[in-house]
Amino acid sequence: MSQTGHLSPALTAIFVGDFTMPRGVKFATHQHPVHQLAWSAKGLLRIRTDDGSWLLPPSLALWIPAGLPHATEAEGDTVMRSPYVDPACCPASVTWTRQPTVLAAGPLVRALIDHLLRDDLALDARSRAERVLLDVLHPVPVTSVSVTRPKDPRAREVARALVADPSDGRPLEDWGRAVGASARTLARLFSAETGLAFGQWRERLRMRAAMPMLAGGMTTEAVARRVGYASASSFVAAFHRIVGLTPRQYFPVREGAGRGSLRAWEPGVPREVRP
């Protein structure tokens, strides 16, 4: 299969593409005539669309509707294993297939994707597995944490400094003195050019900066300090409010496993209440 995701000529509703992507490898903006379930068996995937940007560990996948322009990047050494789905095979009653949607990639989903990667399945066995995979997919309440850079050079200088050091907690008055603008002017520029108030923009930036650190196994306490929070609990609360899951739900760790060992969060599992 090509990188553009065209289905195999075999009689199949789902074709699984298997890509080894070293850190930094990118697929420039493209689109498919079929739906894509972007999932990494190993490492981290970043998917960008006009609707937002998502960083996906193996516990999560992103449904990308057919025809939607998107770009894909490996944030670490990654194995992307993506099912490409014939739109005619998707149940019409499932409305979330019409927009980018984050889905849980639990053990059953991962096993089915690996099963469908085989090229020796009989057609009836493949059809059964395809139906089960489509049936068990379900959304999780994850929000994109994309941030738009302001265009005005004064606000852009502030944004550049915060990207370099997300922990910088200076108020707009101090930033204004540094870049030659009033706090009111900077507040207006961030709101007009990013769609977010300055405080909201900085919080999203901090969440985006925190994700690769959490995925790499850094403790919640250490990540909180790195991105400007006085305590792990305040960071966890902000992460949950902005992203939709707590850090341990987004980057789960198997009980008894070492750092960086991921296990998908499943509905019904008690939510984390503290770091």
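Described in the following lines is the structure provided in the data block. (Residues numbered from 1 in each chain as written. Predicted model: local features only at pLDDT ≥ 70, side-chain atom pairs only at ≥ 80, totals over all residues. Heavy atoms only, no water.)

Details of the sheet that holds strand E6 (residues 52-56)
In step 1: Reading across from one edge, E2-E8-E5-E6 is the order of the four strands in this open sheet, with antiparallel pairing throughout. Only two strands of the sheet have a single partner each, and these edge strands are strand E2 (26-30) and E6. Looking at each pair of strands side by side, their axes are set apart by 15° on average, direction ignored.
In step 2: Two elements, E2 and strand E8 (residues 70-74), share three bridges in a ladder whose sense is antiparallel. Looking across to E8, one finds that Phe 27 is bridged to Thr 72. (Pairing = 2+ DSSP bridges. Helix = DSSP H or I, 4+ residues; strand = E, 2+ residues; numbered from the N terminus. Axes fitted to C-alpha atoms, helices over the stretch in contact; angles between N-to-C directions.)

Things to note about empty space enclosed by the protein
In step 1: Counting across every chain of the model gives one cavity of 30 Å³ or more.
In step 2: Of the voids in this model, the largest cavity is the one considered here, and its volume is about 40 Å³.
In step 3: Residue composition of the lining of the largest cavity, by class: seven nonpolar, one polar and no charged. (1 Å grid on protein atoms, 1.4 Å probe; cavity = no way out; pocket = protein on both sides within 12 Å on 5 of 7 lines; lining within 4 Å. Points joined across faces, edges and corners; volume = space filled by probe spheres on them. Nonpolar A, V, L, I, M, F, W, Y, C, P; charged D, E, K, R; others polar.)

A look at the nonpolar core
In step 1: With 41 residues, the main nonpolar core has Val 142, Met 207, Met 211, Phe 235, Phe 239, Val 243 and Tyr 250 as its most contacted residues.
In step 2: No other element matches helix H8 (residues 232-243), which puts six residues into this core.
In step 3: Excluding residues within four positions of it along the chain, Met 207 makes contact with Val 145, Tyr 229, Phe 235, Ala 238, Phe 239, Ile 242 and Val 243.
In step 4: Grouped together as the second largest cluster of nonpolar side chains are 21 residues, Leu 37, Trp 96, Leu 103 and Leu 137 included. (Core = buried A, V, L, I, M, F, W, Y, C linked by side-chain atoms within 4.5 Å. Buried < 20%, exposed > 50% of the residue type's maximum accessible area, 1.4 Å probe, protein only. Contact = heavy atoms within 4.5 Å.)

Here we look at helix H1 (residues 107-116)
Helical geometry note: an α-helix holds 3.6 residues per turn, so side chains three or four residues apart project in the same direction.
In step 1: Of all the positions in H1, only Val 109, Arg 110, Leu 112, Ile 113 and Leu 116 are classed as buried. Along the axis of H1, the buried residues cluster in a sector spanning 160°; they form a single face.
In step 2: Buried residues along H1 sit in contact with strand E1 (14-21), strand E3 (35-38), strand E9 (78-85), strand E10 (101-104) and helix H2 (123-136). (Arc of directions from axis to C-beta.)

Some thoughts on the pairing of E3
Across a regular strand the side chains alternate sides, sitting on one face of the sheet and then on the other.
In step 1: The two faces of E3 match: His 35 and Leu 37 on one face and Gln 36 and Ala 38 on the other face are all buried.
In step 2: The sheet contact formed by E3 and E9 spans two bridges and is antiparallel. Paired with Gln 36 across the two strands is Tyr 84, which belongs to E9.
In step 3: Where E3 and strand E7 (residues 60-64) come together, three bridges link them in antiparallel fashion. Within E7, the position partnered with Ala 38 by the bridge is Leu 62.

Considerations on the side chain of Thr 72
In step 1: The residue Thr 72 is located in strand E8 in this model.
In step 2: Under the relative-accessibility criterion, Thr 72 is labelled buried at 3%.
In step 3: When residues no more than four places from it in sequence are discounted, the contact partners of Thr 72 are Met 21, Val 25, Lys 26, Phe 27, His 30, Leu 45, Arg 46, Ile 47 and Met 80.

Quick word on the pattern of salt bridges
In step 1: All told, the structure shown has eleven salt bridges when counted by the stated rule.
In step 2: Put simply, Asp 120 and Arg 118 hold a salt bridge, and the shortest N to O gap is 2.9 Å.
In step 3: The salt bridge partner of Arg 170 is Asp 168, with a shortest N-O separation of 2.9 Å.
In step 4: Arg 170 gets classed as partly exposed once you look at its relative accessible area, which sits at 31%.
In step 5: When salt bridges with common partners are traced through the structure, they connect Asp 18, Arg 81 and Asp 114 into a single cluster. (Salt bridge = Lys/Arg side-chain N within 4 Å of Asp/Glu carboxyl O.)

Description of H2
In step 1: Its 14 residues give H2 an end-to-end C-alpha distance of 20 Å, which sits within 8% of 20 Å, the value for a rise of 1.5 Å per residue.
In step 2: Looking only at H2, the buried set comprises Ala 125, Arg 126, Ala 129, Glu 130, Leu 133 and Leu 134. Within H2, the buried residues cover an arc of 165° as seen down the axis, which keeps them to one side. Counted as exposed and oriented over 90 degrees from the buried face of H2: Arg 131 and Asp 135.
In step 3: Packing partners of the buried residues in H2 comprise E1, E7, E9 and H1. (Expected span 1.5 Å × (residues − 1).)

Thoughts on the pairing of E7
In step 1: Among the five residues of E7, five are classified as buried, and the element is accordingly described as predominantly covered.
In step 2: Here E7 pairs with E10 via four bridges, running antiparallel. Within E10, the position partnered with Trp 63 by the bridge is Thr 101.

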